[in-house]
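# Geometric and topological summary
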Amino acid sequence: METVYFKGIPCHTGGTLPKVGEKAPCFTLVTPELKDISDEDLRGKRVVLNVFPSLDTPVCAASVRRFNQEAASLDNTVVLCVSEDLPFAAGRFCEAEGIKNVTPASAFRSPMFAENYGLQMVDGPLAGLLARAVIVINGDREVEYVDLVEEITNEPKYDEALEILRKK
C-alpha cells in the first residue's frame, strides 16, 4: 500500500507497485476498438505505462499529449495511456486531439492490472480510479523505471522516464 494525495487529501493504493529490476506483472487492457492488448502482444518492445485517473482532467490529458509528442522519436517503444476511462472516451479524446503516437488502454475490465501494479486508489475522493504513475518496462519485461506521482494533480517526471528510454 502506498499513499498518494489528491489536493492534499491522503489516498491509499491497494497492492504493491513493482520495483525497478523486477519482472513486470502480466496485463491485459482494452483499446478504443474494444480489442485486448496484453504484455504478450508487446513482447520484445519497450513499454511505457502512462497511468492516470481519467482523461477528463487537464493533468492527465497533458501527460497523454506529452508522451504523444515524445513517442514518435523513440525506437521500439510503445506508450500505453492507461486509465479506468471507457475505451470509447479515450479514443474520442485522442482523435479530437490528433494523438496518434500512443495507445489509449482502458483497465475498466482488468481489475488485475490495478491490483498487480498496486495503483488502484482504495479510499479518498478518487477511490476506484488509478493513481498517477509512469512505469517503463524493457523488452525482457523487466521494470526499468517507476514514478508514482505523490500529488495526483502534479504531472509525472517525463524527463526521467524519457532519459531511461533514450539510453538504450
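In what follows, the accompanying structure is described. All figures in this text were calculated on a predicted structure; none of them were measured in a lab.

### Details of the side chain of Glu151
- For Glu151, the position within the fold is in the loop between strand E9 (143–148) and helix H4 (158–167).
- Setting aside its immediate chain neighbours within four residues, Glu151 contacts Tyr5, Phe6, Lys7 and Gly8.

### Looking at the environment of Val78
- Tracing the sequence through the fold places Val78 in strand E6 (residues 77–83).
- Every residue in contact with Val78, bar those within four places of it in the chain, is listed here: Leu42, Lys45, Arg46, Val47 and Val48.

### Topic: the nonpolar core
- Of all hydrophobic cores here, the largest spans 30 residues; its most connected members are Leu29, Leu49, Leu80, Val82, Phe113, Tyr117 and Leu119.
- Elements with a contribution of two residues or more to this core: strand E1 (3–6), strand E5 (46–51), E6, helix H3 (111–117) and strand E8 (133–137).
- Not counting the four nearest positions on each side in its chain, Val82 is found in contact with Leu29, Leu49, Asn50, Val51, Phe52, Ala105, Ala107, Phe113 and Leu130.

### Observations concerning H4
- Listed in full, the buried residues belonging to H4 are Tyr158, Ala161, Leu162, Ile164 and Leu165. All buried residues of H4 project into a common sector of 155° when viewed along the axis, lining one side. In H4, the exposed positions angled more than 90 degrees off the buried face are occupied by Asp159 and Lys167.

### Describing the pattern of salt bridges
- In total, this model carries seven salt bridges according to the counting rule given.
- One salt bridge in this structure joins Arg141 and Asp39, with 3.2 Å as the shortest N-O distance. With Arg141 in the loop between E8 and E9 and Asp39 in the loop between strand E4 (36–38) and E5, this pair connects stretches of sequence that are 102 residues apart.
- Note that Asp159 and Arg66 form a salt bridge whose closest N and O atoms lie 2.9 Å from each other. Residue Asp159 is found in helix H4, and its partner Arg66 is found in helix H1 (residues 58–71); the two are separated by 93 residues along the sequence.
- Among the residues examined, Asp159 registers a relative accessible area of 54% and is labelled exposed.

### Notes on the packing of aromatic side chains
- Counted by the stated rule, this structure contains four aromatic pairs.
- Measuring from ring centre to ring centre gives 6.4 Å for Phe27 and Tyr117, while their planes differ by 65°; the resulting arrangement is edge-to-face. Residue Phe27 is located in the loop between strand E2 (9–12) and strand E3 (28–30), and its partner Tyr117 is located in helix H3; the two are separated by 90 residues in the primary sequence. For the pair Phe27 and Tyr117, a shared accessibility class is recorded, and that class is buried.
- Judged by centre distance (5.5 Å) and plane angle (70°), the ring pair of Phe67 and Tyr158 falls under edge-to-face. You can see Phe67 sitting in helix H1 and its partner Tyr158 sitting in helix H4, a full 91 residues away along the chain.
- Exposure remark for Tyr158: the relative accessible area of 5% places this residue in the buried category.
- An aromatic cluster is built from Phe27, Phe113 and Tyr117, whose rings are joined through pairwise contacts.

### A look at the environment of Leu86
- Its place among the elements puts Leu86 in the loop between E6 and helix H2 (87–97).
- By relative accessible area, which is 47% here, Leu86 ends up partly exposed.
- Taking the C-alpha atoms as reference points, Leu86 and Gly124, separated by 38 residues in sequence, lie 21 Å from one another.
- If we ignore the near neighbours within four places in the chain, the residues touching Leu86 are Ser106 and Phe108.

Here is what the cut-offs are and how they apply
- Residues numbered from 1 in each chain as written.
- Predicted model: local features only at pLDDT ≥ 70, side-chain atom pairs only at ≥ 80, totals over all residues.
- Heavy atoms only, no water.
- Helix = DSSP H or I, 4+ residues; strand = E, 2+ residues; numbered from the N terminus.
- Contact = heavy atoms within 4.5 Å.
- Core = buried A, V, L, I, M, F, W, Y, C linked by side-chain atoms within 4.5 Å.
- Buried < 20%, exposed > 50% of the residue type's maximum accessible area, 1.4 Å probe, protein only.
- Arc of directions from axis to C-beta.
- Salt bridge = Lys/Arg side-chain N within 4 Å of Asp/Glu carboxyl O.
- Phe/Tyr/Trp six-rings, centres within 6.5 Å; stacked < 30°, edge-to-face > 60°.

Scope: geometric values only; no functional claims are made or implied.
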